[in-house]
Amino acid sequence: MNEKYIELRTRSTFGDIINTYFLFLKHNFKAYTNLYLRYNAVSIILTLICSYLLVTGFMGLASRDFRFGMGNNIASDSYLIAGAIILFLIVFITSLINYSFSSAYIAEYVNNEGKIVSKNVWKSILNNIGTIIIFILIGGLLYVVYLVISGLLAFIPFLGMLIQYGLSFTMTAIFGLTFMSIFSNKKGFGEAISEGFDFTFSNFWRVILYGLVIGILNLMITVLIISIPSFIVGIYTYFSVESNVDLRTSTFATLVFTFGFAAFLLSFIYTQALSQLSYGILYYNLYEVKHNVFLQKKIDQIGINE
């Protein structure tokens, strides 16, 4: 067994679950990130392309000369439309990858007591690809319903905002726990989403508060990740303005803003993956609290040894 292995199948308190998450990151951050980058190569390439198209489109709009009509601005509009389409693809693909990869990674970690075999992670994703696609499609419909409800709640001052946040954390928890049910126990869509709903609502306040705390902590991690590219872009913009450089028509400025915007998108994509890791840790805790499987197994082993 890996000496740095952290047992996740425990009946922990709320504070211990948070501590377990960061202890897991402490020992596995590098290995997880390296494998994550390999699995998200396509997503990273699409993000760079999307960033270039959106930045080019926005800068084209900013430099428009309306005296000559709209005919000369078709390229800028095309860049924006193409960038928006690719951004939609990125959201879909990365949701598919991040939820699947992080869930498969945690399941592999627990099943092999800390030893991660890359091909097993990929094999697990392929074996469940049908269930994953069904869940992503239905999850998309649920998200549309959530947007409609959120729009209606926006007309209710303060209370509506609180309900919106509650719905957001609830949906995130259901998605996260359902994906873990798929990969941990190899359940079909119906059984998995049923368990996701069950774990969420039977431990509602713990799950909501956990999502809030992890969300804040992951946001802090995101801020740290994007602080360096943000600083570089800010310094470049400041000195360019001081030197009277026309940022709207500068090729170098386009490249700087493209990589800066790409870093911003990639950091939030990575945060989504970390969020699913945290729900993987929560899943094993809730599963053990309800079913008491691991503890019973340990008790049985003690009886055999005696």
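Owing to the predicted nature of the structure, the values given are computational and were not obtained by experimental measurement. (Residues numbered from 1 in each chain as written. Predicted model: local features only at pLDDT ≥ 70, side-chain atom pairs only at ≥ 80, totals over all residues. Heavy atoms only, no water.)

1. Here we look at the pattern of salt bridges
To be explicit about the condition: Any Lys or Arg side-chain nitrogen located within 4 Å of an Asp or Glu carboxyl oxygen qualifies as a salt bridge. Each residue's exposure class comes from its accessible area (1.4 Å probe, protein chains only) as a fraction of the maximum for that residue type: buried when under 20%, exposed when over 50%, partly exposed otherwise.
Counted by the stated rule, this structure contains 3 salt bridges. Of the charged contacts, one joins Glu7 and Arg9 as a salt bridge, the two residues approaching to 2.8 Å between their closest N and O atoms. A salt bridge links Lys187 to Glu195, with the shortest nitrogen-to-oxygen separation between them at 3.2 Å. Residue Lys187 is classed as partly exposed on the basis of its relative accessible area of 22%. Taking the relative accessible area as the measure of exposure, Glu195 reaches 8% and is therefore buried.

2. Things to note about the packing of aromatic side chains
So the rule is basically this: In this analysis, rings of Phe, Tyr and Trp, with Trp reduced to its six-membered ring, are considered paired at centre separations within 6.5 Å, and the interplanar angle assigns stacked below 30 degrees, edge-to-face beyond 60, and tilted for intermediate values. Under the DSSP-based scheme used, a helix requires at least four consecutive residues in state H or I and a strand at least two consecutive residues in state E, with every element numbered from the N terminus.
Inspection of the entire model under this criterion finds 29 aromatic pairs. On the numbers, 6.2 Å between centres and 90° between planes, the contact of Phe29 with Tyr270 is edge-to-face. With Phe29 in helix H1 (residues 14-39) and Tyr270 in helix H9 (residues 251-291), the pair connects residues that are 241 residues apart, well separated along the chain. Looking at Tyr270, the relative accessible area reads 7%, which means it is buried. When the ring of Phe199 is compared with that of Tyr283, the centres are 5.6 Å apart and the planes differ by 50°; the resulting orientation is tilted. Within this pair, whereas Phe199 is found in helix H7 (residues 189-202), its partner Tyr283 is found in helix H9, the two being separated by 84 residues in sequence. Accessibility expressed as a relative area gives 1% for Phe199, which makes it buried. Through a chain of ring-to-ring contacts, the aromatic side chains of Phe29, Tyr32, Tyr36, Tyr39, Phe101, Tyr105, Trp122 and Tyr270 assemble into a single cluster.

3. Brief notes about the side chain of Glu288
Stated formally: By definition in these notes, contact holds between two residues if any of their heavy atoms fall within 4.5 Å.
Structurally, Glu288 is set in helix H9. Those residues in contact with Glu288, other than ones at most four positions away along the chain, are Arg9, Thr10, Arg11, Val293, Phe294 and Leu295.

4. Details of the nonpolar core
Stated precisely, the cut-off is as follows: Definition used in this section: a nonpolar core is a set of buried Ala, Val, Leu, Ile, Met, Phe, Trp, Tyr and Cys residues joined via side-chain atoms within 4.5 Å.
Judged by nonpolar contacts, the single largest core of 61 residues is most densely connected at Tyr32, Phe101, Tyr210 and Leu277. A per-element tally of this core places helix H3 (residues 74-111) first, with 13 residues. Sequence-distant contacts of Phe101, that is, excluding residues within four places in its chain, are made with Tyr32, Leu35, Tyr36, Tyr39, Val121 and Ile125.

5. Thoughts on the packing of helix H6 (residues 159-185) against H9
Defined as follows: Note on geometry: axes are lines fitted to C-alpha atoms, helical ones only across the stretch in contact, with angles between N-to-C directions running from 0 to 180 degrees. Relative orientations are named as follows: roughly parallel for angles under 35 degrees, roughly antiparallel for angles over 145 degrees, roughly perpendicular for angles from 65 to 115 degrees, and oblique for any other angle. Crossings are classed by handedness, with left-handed meaning an anticlockwise turn of the near helix from the far one by less than a right angle and right-handed meaning a clockwise turn. Under the convention adopted here, Pro, Cys and the residues Ala, Val, Leu, Ile, Met, Phe, Trp and Tyr are nonpolar, Asp, Glu, Lys and Arg are charged, and Gly plus all remaining residues are polar.
Across the interface, H6 lies against H9 with an axial gap of 9 Å and an inter-helix angle of 70°. The pairing of H6 with H9 is recorded here as roughly perpendicular in orientation. Of the two elements, H6 crosses H9, and the hand of that crossing is right-handed. The residues of H9 that touch H6, namely those facing Phe169, Thr172, Ala173, Gly176, Leu177, Phe179, Met180, Ser181, Ser184 and Asn185, are Ser275, Gln276, Tyr279, Gly280, Leu282, Tyr283, Tyr284, Leu286 and Tyr287. For the contact of H6 with H9, a count of residues per class yields 11 nonpolar, 8 polar and no charged.

6. A short note on a nonpolar patch on the surface
Counted only if it meets this: Within the patch definition used here, like charges are joined within 9 Å and nonpolar side chains (Val, Leu, Ile, Met, Phe, Trp, Tyr) within 5 Å, considering only residues with over 30% relative accessible area and no salt bridge. Reported accessibility uses the Shrake-Rupley method at a 1.4 Å probe radius. Residues are deemed covered only where the shown protein chains occlude them.
Taken together, the side chains of Ile156, Phe158, Leu159, Met161, Leu162, Ile163 and Tyr165 define a hydrophobic patch exposed on the protein surface, amounting to about 690 Å² of accessible area. Mapped onto the secondary structure, Ile163 falls in helix H6. According to the relative accessible area criterion, Ile163 is partly exposed, its value standing at 36%.

7. Some details on unusual backbone geometry
Its identity as a non-glycine residue notwithstanding, Phe158 has a phi of 60°, on the positive side. By the secondary structure assignment, Phe158 is in the loop between helix H5 (129-153) and H6. Not every positive phi belongs to a glycine, and Lys186 is a case in point at roughly 55°. Looking at where Lys186 falls in the secondary structure, it is placed in the loop between H6 and H7.

8. Considering H5
Inclusion rule: Take the residue count of a helix, subtract one, and multiply by 1.5 Å to get its expected span.
With 25 residues, H5 should reach 36 Å at 1.5 Å per residue; the first-to-last C-alpha distance of 35 Å fits that figure. All of the buried residues along H5 are Thr131, Ile132, Phe135, Ile136, Gly139, Tyr146, Ser150 and Leu153.

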